[in-house]
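# Descriptive analysis of the structure
The lines below spell out each chain.
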Amino acid sequence: MGREEIMRLSYVGLAVLGLLTVLANAEGNNNQTEAEIFLENYNTEAQIKYPASIEISWTYYTDITSENEAAMIASGLEMAAFAKETQLGAKQFDRTNFTYDVNRQLEKLLYIGDAAMENQEELEELSELMAQMGRRYSTGEVCLPGEDCYELEPDLTRIMATSRDYAELYWAWDEWRASVGAPARSDYIRYVELKNIAAKANDQDDYGAYWRSWYETPDLREQVELLYEQLSPLYQQLHAFVRRKLYEQYGSDYINLRGPIPAHLLGNMWAQSWTNLLDLVEPYPGKPTVDITPTLEREGITPRQMFEYSDEFFKSLGLIEMPQAFWDHSLIEKPDDREVVCHASAWDFYNQVDFRIKQCTDTTMDDFITIHHEMGHVEYFLQYKDQPVVYRDGANPGFHEAVGDVLALSVSTPEHLVAVGLLDSADSDDEADINYLMSVALDKIAFLPFGYLMDLWRWDVFDGTTPQHQYNDAWWDLRLKYQGIIPPTKRTESNFDPAAKYHIPADVAYIRYFISFVIQFQFHESLCEAAGHTGPLYKCDIYESEAAGTLLSDMLKTGSQKPWPEAMMAITGQSDMSAEALLKYFQPLIDWLEEQNTAQDNYIGWDGAADWTPVEPQPWTGGNSGSAAYHSKMLIGLLSMITLLFSCGHN
C-alpha cells in the first residue's frame, strides 16, 4: 500500500544550497519578490539534490547490503542538513502580507520532520535505528529444523492465504512474530523517544500530533472516530457471518460462536484482509467467481502484462500513460540474486521524468489490484509533476492512497474483467451480485478496524498514554475492541507484535489507509456520475470514460496546493469525508448479512465470550507433503526450473 519510502524521505527534507538563505538574511523580511526568488531557487536546487538522494535509497531498497545502507543513511543526513538550512531561510520572512500561494509554500518549508532535530548525534542515531528496524523486517525469515527457511513473500504469505491446517497457520503466524517482532522492542522504545524530540522541534507535542498535522484538520481524530462508528455495524455483521463459517471449518476447539476470532485464521498475516477466505464464506457456491488468479496462471500472464493492463485502463480515461523511464527502471518481480524490500511502493524522484514502482509481483488477483493501487500513486505523480516541489504531494495522505483503489473498484467488476478477457463469464443476477459484494467486502470492510487501530495504538504510544511496559497488551486490547480478534496463543510484554507489520518499523503513518478506504467510495460515486452510469454503484465501471478521467485529472493536478477539503469539493461536490457512499455501495450485502445472521442466530459482536481462548494445537513440524508450505516451496522451485529452460531455449 503506498508511497511509504518516498514519504519518509520527504519528511527528512528537501535539498537547497546555502545561498538561498542569503536571500532571506534579514529577520522580518517582508519583501515578497525576494521570497519568490527564494522559492524559485529552492525549486531548482531541490530538483537536483532530491533525485540523487532518492536514487541512493532506491539502490538500497532494491539491493539490501550494508554498503548501500550506509550510503542511504549518509545521504539522508546530508538532505537533513540542507532541509534545516532551507527552514532557516524560510523563517526569516515576515509573511503577514504575502499572497496565499507564497505564504503556503513558505509554511510547508518550516516543518521538516527529523531534520529539525537540534542534536546531530540524535539525528544520526535515529537514522541508523530506522535503517536497522527496516532491515530486520525486510530480511526476516522463519525456519524449520533441518528444512528450508521461509521469507514473508512469497512463502509465508502463501501459507496464510492457502492453508487450512490450523497448526501450520499457527506456526507461520507465531514464528514470523518471533523473528521480526520481539527483537524490535528495545529499538522501538528508543525510536519513540527520538521521534518525539523531532516532533517538538516541529512545534508539535508528540510525533502522533505531528503526523496528524499533515491533514491541516485540528479535529482529525474526532473525524475518523465518527467515520468508524458509522461503519462498525457493517463490520460486525461481516465478522459474525465469517466466524460461523470458520466454526464450520475448524470446530469448537478453535472458534467460539460468541467470541473473537483467532488472528491467524483469516487468510492474511495481519488479519487485515480476508479475501483468501472467499472459498469458505462465498454466499452462493457454484456461481462463477471474480477471482482471476486461475486465468492469470492458465494464460501465462506475466507481471509486466499485469502492469500493462493497469496502464491501459488509465489511458482509456484520457489520463497520462506510464513513460518509458517507468518501464525501464521499475522493479516488478523479485530478483533471485539479492535481497530487496518487497513491500510494494511507488517512487517519485522529483525530477519530473523518473517515476517507478517496486513490487515483488505474484500472479494473483490480489497483486493485480495492488498494481492498480501503486499505479494510482504514479498517475498522481505524473499529474502534479509541474507543481512547485512543495506541492508535489496528495491533497492529504489518504487522497494519495485512494486514487488507485478507486479505479480498482471499476477494474474488479465482473463485467470489466470479462470485457478485457481476464474472466471467462459473469452471471448477472442477485446471487452473483451478493457473491461479488462479499468478495469486495472481505477486502474493504474487513480492513476498516485494522486501518483505524494501527495509528490509534501509535498515537497513544507517542503521547505517553500507553507506557512502554504495556505496548503489547495495548496492541491486543485494541485488536480485540475494534477487530474482534485475539492471538492464537498467550502474549506477554516479551513479545512485540506490532513490529510484525511493515509500517511500524518502517515509520509509515497508517490512518491514511483508513481514510482512503472511505473516500475512495466518495470518489467512485462522483466519477460514476460523470461517466453517466445508471444502476447500482457496485456495478459501475468507468473504463473508457474521458469525462470521468477529466474530473479526476483536474483534482490530481493541484497536488497539495490547497487544503484537502477544497480538493474534495472539486471532485465530489462536498468538503467532508463521508461514509454514505460506502454504505450505499454495500447496501445489498448489508441487507443480506442481516438476514443470514438472524436466520442462523449468529451472535453480533464478540463480548459474549471475550475471555475465551482457543485450544493450543499440536506443534507443527513441517515435512508434510500436503502442507501449503511444502507446495509453496515446490512451486517456486518448479517455476525456477521452467524459467531457466525457457530462457535457455529461447535465447
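Residues numbered from 1 in each chain as written. Predicted model: local features only at pLDDT ≥ 70, side-chain atom pairs only at ≥ 80, totals over all residues. Heavy atoms only, no water.

### Digging into unusual backbone geometry
- The linkage connecting Glu153 with the following residue, Pro154, adopts the cis geometry, with an omega of 5°.
- Structurally, Pro154 can be placed in helix H7 (residues 152-162).
- Phi at Glu216 is positive, roughly 55°, even though this residue is not glycine.
- By the secondary structure assignment, Glu216 is in the loop between helix H10 (207-213) and helix H11 (220-250). (Helix = DSSP H or I, 4+ residues; strand = E, 2+ residues; numbered from the N terminus.)

### Quick look at the state of the cysteines
- Following the criterion strictly, the structure yields three disulfides and no others.
- Sulfur-sulfur distance for the disulfide between Cys342 and Cys360 comes to 2.1 Å. Since a negative S-S torsion denotes a left-handed disulfide, the Cys342-Cys360 link at about -85° is left-handed. In this pair, Cys342 sits in the loop between helix H15 (324-329) and strand S4 (345-348) while Cys360 sits in the loop between strand S5 (355-358) and helix H16 (365-383), placing the two residues 18 residues apart along the sequence. Both residues of the pair, Cys342 and Cys360, belong to the buried class.
- Covalently, Cys528 is tied to Cys540 through a disulfide, its sulfur atoms 2.0 Å apart. A torsion of -110° about the S-S bond marks the disulfide between Cys528 and Cys540 as left-handed. Taken together, the positions of Cys528 in helix H21 (residues 511-530) and Cys540 in the loop between H21 and helix H22 (546-556) put the pair 12 residues apart, joining distant regions of the chain. Side by side, Cys528 and Cys540 carry an identical accessibility label, which is buried. (Disulfide = S-S within 2.5 Å. Buried < 20%, exposed > 50% of the residue type's maximum accessible area, 1.4 Å probe, protein only.)

### Observations regarding the nonpolar core
- One finds Tyr188, Tyr191 and Phe586 to be the most contacted residues of the largest nonpolar core, which totals 209 residues.
- Element by element, the count of residues in this core is highest for helix H19 (residues 430-462), at 20 residues. (Core = buried A, V, L, I, M, F, W, Y, C linked by side-chain atoms within 4.5 Å.)

### Details of the pattern of salt bridges
- One pass over the structure, following the stated rule, counts 30 salt bridges.
- The salt bridge partner of Asp460 is Arg221, with a shortest N-O separation of 3.2 Å. Here the residue Asp460 occupies a position in helix H19, and Arg221 occupies one in helix H11, the gap between them amounting to 239 residues.
- Its relative accessible area of 17% is what places Asp460 among the buried residues.
- Overlapping salt bridges bring together Glu55, Asp354 and Arg356 as one network. (Salt bridge = Lys/Arg side-chain N within 4 Å of Asp/Glu carboxyl O.)

### So, a negative patch on the surface
- A cluster of acidic residues, Asp219, Glu222, Glu225 and Glu229, forms a negative patch at the surface.
- Relative to the helices and strands, Glu225 resides in helix H11.
- Looking at Glu225, the relative accessible area reads 36%, which means it is partly exposed. (Patch = residues over 30% accessible without salt bridge, like charges linked within 9 Å, V, L, I, M, F, W, Y side chains within 5 Å. Areas by Shrake-Rupley, 256 points an atom, 1.4 Å probe, with all protein chains shown as cover. Lys, Arg positive; Asp, Glu negative; His and termini not counted. Charge placed at Lys NZ, Arg CZ, Asp CG, Glu CD.)

### Examining the pairing of S5
- Judged by which residues are buried, S5 turns out to be covered on both faces: Phe355 and Ile357 on one side and Arg356 and Lys358 on the other are all buried.
- Here four bridges tie S4 to S5, and the two strands are oriented antiparallel to one another. When the sheet's bridge partners are listed, Asp348 is paired in S5 with Phe355.
- Between the end of S4 and the start of S5, which pair antiparallel, lie six residues, with Tyr350 showing a positive phi angle near 60°. (Pairing = 2+ DSSP bridges.)

### Section: the side chain of Arg185
- Within the element layout of this structure, Arg185 appears in helix H9 (residues 185-201).
- For Arg185, a relative accessible area of 15% gives the class buried.
- Residues contacting Arg185, with those up to four places away along its chain left out, are Gln468, His469, Tyr471, Asn472, Glu493, Asn495 and Phe496. (Contact = heavy atoms within 4.5 Å.)

### Side note on the packing of H16 against H22
- Between H16 and H22, whose axes approach to 9 Å, the crossing angle comes to 65°. Of the possible angle classes, the one that applies to H16 and H22 is roughly perpendicular. Of the two elements, H16 crosses H22, and the hand of that crossing is right-handed. The segment H16 lies against H22, with Glu379, Tyr380 and Gln383 engaging Ser553, Met555 and Leu556.
- Here the residues of the contact of H16 with H22 are counted per class, giving three nonpolar, two polar and one charged. (Axes fitted to C-alpha atoms, helices over the stretch in contact; angles between N-to-C directions. Parallel < 35°, antiparallel > 145°, perpendicular 65-115°, else oblique. Left-handed = near helix turned anticlockwise from the far one by under 90°. Nonpolar A, V, L, I, M, F, W, Y, C, P; charged D, E, K, R; others polar.)

### Things to note about the confidence of the model for the protein chain
- Of all residues in the protein chain, 91% have pLDDT values of 70 or greater, and the mean over the chain is 90.
- Counting interchain partners and residues more than four positions distant, the pLDDT-below-50 stretch residues 1-26 has 116 contacts. (pLDDT = per-residue confidence, 0-100.)

### Some points on the packing of helix H14 (residues 303-316) against H16
- As a packed pair, H14 and H16 sit with axes 9 Å apart at the nearest point and diverge in direction by 50°. By the angle between their axes, H14 is oblique relative to H16. Pair H14 / H16 crosses with right-handed handedness. The segment H14 lies against H16, with Met306, Phe307, Tyr309, Ser310, Asp311 and Phe314 engaging Asp367, Phe368, Ile371, His372, Met375, Gly376 and Glu379.
- Residue composition of the contact of H14 with H16, by class: seven nonpolar, three polar and three charged.

### Quick word on the packing of aromatic side chains
- Inspection of every chain in the model, using the stated rule, returns 54 aromatic pairs.
- For the ring pair Phe399 and Phe523, a centre distance of 5.3 Å and an interplane angle of 65° mean the geometry is edge-to-face. Separated by 124 residues along the polypeptide, Phe399 in helix H17 (residues 397-411) and Phe523 in helix H21 bring together distant segments of the chain.
- Given a relative accessible area of 0%, Phe399 falls into the buried group.
- For the ring pair Tyr585 and Phe586, a centre distance of 4.9 Å and an interplane angle of 65° mean the geometry is edge-to-face.
- Note on Tyr585: relative accessible area 1%, which makes it buried.
- By way of ring pairs, the aromatic residues Tyr188, Tyr191, Tyr207, Tyr210, Trp211, Trp214, Trp457, Phe462, Tyr471, Trp475 and Phe496 are connected into one cluster.
- Directly above the aromatic system of Trp58 lies the positively charged group of Arg356, at a separation of 5.0 Å from the ring centroid.
- Residue placement shows Lys444 over the ring face of Phe517; its charged tip is 4.8 Å from the ring centre. (Phe/Tyr/Trp six-rings, centres within 6.5 Å; stacked < 30°, edge-to-face > 60°. Lys NZ or Arg CZ within 6 Å of the ring centre and 35° of its normal.)

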